[in-house]
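Working through the structure, step by step
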Amino acid sequence: MPLVTTNEMLKKAQDGHYAVGAFNVENMEMVMAVIKAAEEMKAPVIMQTTPSTIRYAGLDYYLAMVRTAAERADVPVAMHLDHGNSFELAMQALRKGYTSIMIDGSHESFEENIALTRRVVDACAPSAISVEAELGKVGGKEDDLEAADDSPFTDPKQAQEFAERTQVNSLAVAIGTAHGFYKGVPKLDFDRLSAIRELVSIPLILHGASGVPDDAVRESITRGICKVNFATELRAAFSDGVKAYLAENPDAYDPKKYNAVGMEHVTALVKQKIDVCGSEGKA
Ligand code: 13P
């Protein structure tokens, strides 16, 4: 089926008390692996690319791969710009045909974040493309953006004001997760999440889910998260599969052979994450 926006997908998830998995893809094999998992689990799925991934091959390359995957599949697929870092990149993604756009103004002041987000929301509204914003700072390093050590968590009252003034479709919240692998076990501020949910009615997004214990992801979904982002674990799974094959077959030279093992690892991981999100059978 054609690519869909995340609007309806996330509203259904919110009403049904589950989350849609959003998976960062870096190459054709990861796209194929994610769609295979989604089809086997009959789950809606979001594929997303960050600015550095886009710099690697271009928006049009990734969009063409994900669009092809969606058209061949019978589950809903959205193509999302993850951590869009400028109005210009957001507009390029919109014009090319991405069906969902994140504008990440979390590194700006509250007022500047509102102004930037509102500009993107206004530009996307005529084509009904959904917009995600971030308030507060998710820790760690995602792409070129590194959060400060004192990563401030999302303030519920500010989140309410932000949602009202920007009219954004969904909001990424900072409640203790970080991008990349964790050194210890992350401790999420669930009470803060519940307080945000009380005041903000739009779908809430959890970033930095690689390495977050399954129980904690489930608890965050119970408390209102409707989209969960996974990137680092997918990159590691693909690389581990390729490395394992090459360790056993050091003379291998056909990329189809070792990439197939990378794909198997990613499909297995994505199926497990879809299970944690509770989105199996929701396509
Ligand atoms: P991880 O790399 O920690 O899974 O974070 C993914 C993410 O939030 C992408 O925006």
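To be clear, the structure that these remarks concern was listed above.
First, a word on what this report is: a plain description of the structure on this page. The written sequence of each chain sets the order in which its residues are numbered from 1. The predicted origin of the model limits local features to residues at a pLDDT of at least 70 and limits the giving and counting of side-chain atom pairs to 80 or more, whereas totals for whole chains, interfaces and linings rest on all residues. Working from all heavy atoms in the structure, the side-chain values ignore hydrogens and water.

**Remarks on the pairing of strand β5 (residues 130-135)**
Our working definition: Summary of the burial criterion: residues with accessible area below 20% of their type's maximum are buried, those above 50% are exposed, and those between are partly exposed, where the area comes from a 1.4 Å probe applied to protein chains only. For helices the rule is a DSSP run of H or I covering at least 4 residues; for strands it is a run of E covering at least 2, with both sets numbered from the N terminus onward. Should DSSP find at least two bridges between two strands, the strands are regarded as paired.
Among the six residues in β5, six count as buried, and that is most of the element. Along β5, one buried face is formed by S130, E132 and E134 and the opposite face, lined by V131, A133 and L135, is buried too. Direction of pairing for β5 relative to strand β8 (residues 170-173): parallel, over a ladder of four bridges. Of the residues in β8, the one forming a bridge with E134 is A172.

**Quick notes on helix α4 (residues 59-72)**
Test applied: One less than the residue count of a helix, multiplied by 1.5 Å, gives the span that helix is expected to have. This arc is taken over the directions from the axis of the helix to the C-beta atoms. In this description, contact between two residues means that some pair of their heavy atoms is separated by no more than 4.5 Å.
With 14 residues, α4 extends 20 Å from end C-alpha to end C-alpha; this agrees with the ideal 20 Å at 1.5 Å per step. All of the buried residues along α4 are L59, Y62, L63, M65, V66, A69 and A70. Buried positions in α4, seen along its axis, are confined to an arc of 165° and lie on one side of it. Of the exposed residues in α4, those oriented more than 90 degrees away from the buried face are Y61, E71 and R72. The secondary structure elements touched by the buried residues of α4 are α2 (28-41), β2 (45-49), α3 (51-57), β3 (77-84) and α5 (87-96).

**Brief notes about the environment of G84**
Tracing the backbone shows G84 in strand β3. Its relative accessible area of 0% is what places G84 among the buried residues. For the pair G84 and Q14, spaced 70 residues apart in sequence, the C-alpha to C-alpha distance is 24 Å.

**Digging into the pattern of salt bridges**
This is how the line gets drawn: Salt bridges are counted wherever a side-chain nitrogen of Lys or Arg sits within 4 Å of a carboxyl oxygen of Asp or Glu.
If you walk through the whole model with that rule in mind, you get 14 salt bridges. With a shortest N-O distance of 3.6 Å, D215 and R218 are connected by a salt bridge. One end of the pair, D215, and the other, R218, are both in helix α9 (residues 214-222), three residues apart, so they sit about a helical turn from each other. Taking relative accessible area as the criterion, R218 reaches 34% and is therefore assigned partly exposed. Salt-bridge contacts for K273 lead to E233; the nearest nitrogen and oxygen are separated by 3.0 Å. Here the residue K273 occupies a position in helix α11 (residues 255-277), and E233 occupies one in helix α10 (residues 232-248), the gap between them amounting to 40 residues. With respect to burial, K273 and E233 carry one shared label: buried. Taken together, the shared-partner salt bridges connect K36, E40 and K271 into one network.

**Quick word on the site of the ligand**
The line we're drawing: Residues are labelled near a given molecule or strand when at least one of their non-hydrogen atoms is within 4 Å of it. Think of a polar contact as two N or O atoms within 3.5 Å of one another; within protein, one of them needs to be a possible hydrogen donor and the other a possible acceptor, and neighboring residues in sequence only count if both atoms come from side chains. The protein chains shown are the only cover counted for residues, whose accessible areas, like all others here, come from Shrake-Rupley with a 1.4 Å probe.
Near the ligand there are 15 residues, and of these D82, G208, S210, A231 and T232 occur at the shortest range. Side-chain polar atom of N229 to an oxygen atom of the ligand: 3.1 Å apart, as the coordinates give it. A total of 300 Å² of accessible area belongs to the ligand in isolation, and the protein chains cover 100% of it. Secondary structure elements with two or more residues in the shell around the ligand: β3, β9 (178-179) and β11 (225-230).

**Observations regarding the packing of α4 against α5**
Our working definition: Note on geometry: axes are C-alpha line fits, over the in-contact stretch for helices, and angles between N-to-C directions span 0 to 180 degrees. Any angle from 65 to 115 degrees is called roughly perpendicular, while one under 35 is roughly parallel, one over 145 is roughly antiparallel, and all others are oblique. Should the near helix be turned counterclockwise from the far one by less than a right angle, the crossing is left-handed, whereas a clockwise turn marks it as right-handed.
One way to put it is that α4 packs onto α5 with a least axis distance of 11 Å and a crossing angle of 40°. Of the possible angle classes, the one that applies to α4 and α5 is oblique. Remark: the crossing between α4 and α5 carries right-handed chirality. Here L59, D60, L63 and R67 of α4 come into contact with α5, specifically with L89, Q92, A93 and K96.

**A word on the packing of aromatic side chains**
So the rule is basically this: Note on ring pairs: Phe, Tyr and Trp rings are taken, using the six-membered ring of Trp, and paired if centres are within 6.5 Å. Classes follow the plane angle, with under 30 degrees stacked, over 60 edge-to-face and the rest tilted. For a lysine, the NZ atom is tested; for an arginine, the CZ atom; a charge sits over a ring if that atom is within 6 Å of the ring centre and within 35 degrees of the ring normal.
The tally for this structure, following the rule as stated, stands at two aromatic pairs. On the numbers, 5.6 Å between centres and 15° between planes, the contact of F23 with F230 is stacked. Here F23 is found in strand β1 (residues 20-24), whereas its partner F230 is found in strand β11, with 207 residues between them in sequence. Residue class for F230 comes out buried when judged on its relative accessible area of 1%. Aromatic side chains F110 and F162 sit 6.4 Å apart centroid to centroid with 45° between the ring planes, which places their arrangement in the tilted category. Of this pair, F110 sits in helix α6 (residues 110-124) while F162 sits in helix α7 (residues 156-166); the two residues are 52 residues apart in sequence, bridging distant segments of the chain. The buried category is assigned to F110, whose relative accessible area is 18%. Under the relative-accessibility criterion, F162 is labelled buried at 0%. Against the face of F87 rests R119, its NZ or CZ located 3.7 Å from the ring centre.

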